[in-house]
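A look at the structure
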Amino acid sequence: DVVFVTDGLGGRIYRVEADGRLAVITEKLDMPSALAAAPDGSLIVANTGAHTIVRVNVGDSTVTTLAGQPNVSGRNAGSAKAARFNAPIGVAVAEDGTIFVADTYNDRICVIDDTGQVQTLAGGSEPGYRDGVGQDALFNTPCGLAVAGDGALIVADTGNHRLRRVALDGTVTTLAGTGEFELRDGIPLSAAFAEPTALAWRRDGALAIADAASSAVRLLTFDEQPMVSTVAGGFQLGLVDGSLTGARLNRPTGLAFTRDDALLFADNGNG
């Protein structure tokens, strides 16, 4: 397995080989956050500090702005050049190449189609919490995104401490979390999170969650009785390897599964 990692403060993307060797793919970014693989093998990156979404060619390290005006924040849909974002943190790419963006500080979810046109899929003009359709729904600093098997989008609604589901018609429903700032396992709508930040699907359909403020990795399974459980970590943050129950993490913010279903995470607070 090869892993690509964004280094926000360094403005870089690293390629990490299976033996731990590092190579810099690019260092021309500004606070890059989430990344996702496109069907052509390139990387789609939320270039957060520059308020843009970019494409990085892994082969020659070229960086192309897909949408947004570099270093200009705003809130606007439209063509790639006319679109404006405000510190977008999350990206996800569907199988057909459609790009989804968590426009974090605009509290909305956007879509970039294959022509570069940007549309608001869901989210109003202010932070809040409300299920609904399109701009009637409200988010609070959404960060992580993951495309579900049915094409819907799962959102780590960080400021609301919930997971939300956004259908392709813009209908938003709450998938998990009560909104309490807490680490509590259980059935999805009774479970509690503390700043869920990143998401990743396992091959069997389980959803891993980087619960940043609780310094834990959580798992949402969709068996006969869906359930949220804590895989590792908890509010007692630290840097301790070992058993899942004894390990300590510090604000995990990125997730990826390997081909053998091991889970890798960016342990952000521990660098």
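Residues numbered from 1 in each chain as written. Predicted model: local features only at pLDDT ≥ 70, side-chain atom pairs only at ≥ 80, totals over all residues. Heavy atoms only, no water.

1. Here we look at the sheet that holds strand 15 (residues 162-166)
Rule in force here: Here, any two strands with at least 2 DSSP bridges between them count as paired. Each helix is a run of DSSP H or I of at least 4 residues and each strand a run of E of at least 2, with the numbering of both proceeding from the N terminus.
What the 5 strands build is an open sheet, ordered 12-16-15-14-13; its pairing is antiparallel. Only two strands of the sheet have a single partner each, and these edge strands are strand 12 (132-133) and strand 13 (142-147).

2. Things to note about the sheet that holds strand 20 (residues 227-233)
Put simply, the test is: Axis geometry follows a simple rule: fit a line to the C-alpha atoms, using only the stretch in contact for helices, then measure angles between N-to-C directions, giving values from 0 to 180 degrees.
Here 4 strands make up an open sheet; going across it, the order is 17-18-19-20 and the pairing antiparallel. Unpaired on one side and paired on the other, strand 17 (196-201) and strand 20 mark the two borders of the sheet. Strand-to-strand twist of the sheet, defined as the mean angle between neighbouring strand axes without regard to direction, takes the value 25 degrees. Pairing of strand 19 (residues 216-221) with strand 20 involves 6 bridges; the strand directions are antiparallel. Bridged to threonine 221 within strand 20 is methionine 227.

3. Quick notes on the environment of alanine 137
For clarity, the threshold we go by: Think of it in three bands: with a 1.4 Å probe and only protein chains considered, a residue is buried below 20% of the maximum accessible area for its type, exposed above 50%, and partly exposed in between. Only heavy atoms enter the contact rule, under which two residues are in contact if any of them lie within 4.5 Å.
Along the polypeptide, alanine 137 turns up in the loop between strand 12 and strand 13. Among the residues examined, alanine 137 registers a relative accessible area of 0% and is labelled buried. In the structure, alanine 137 is positioned 127 residues away from leucine 264 in sequence and 32 Å away in space, judged by C-alpha atoms. Apart from the residues lying within four places of it in its own chain, the contact partners of alanine 137 are Gly123, Gly124, Arg130, Asp131, Gly132 and Val172.

Fair warning: the whole summary comes from geometry, so function is off the table for now.
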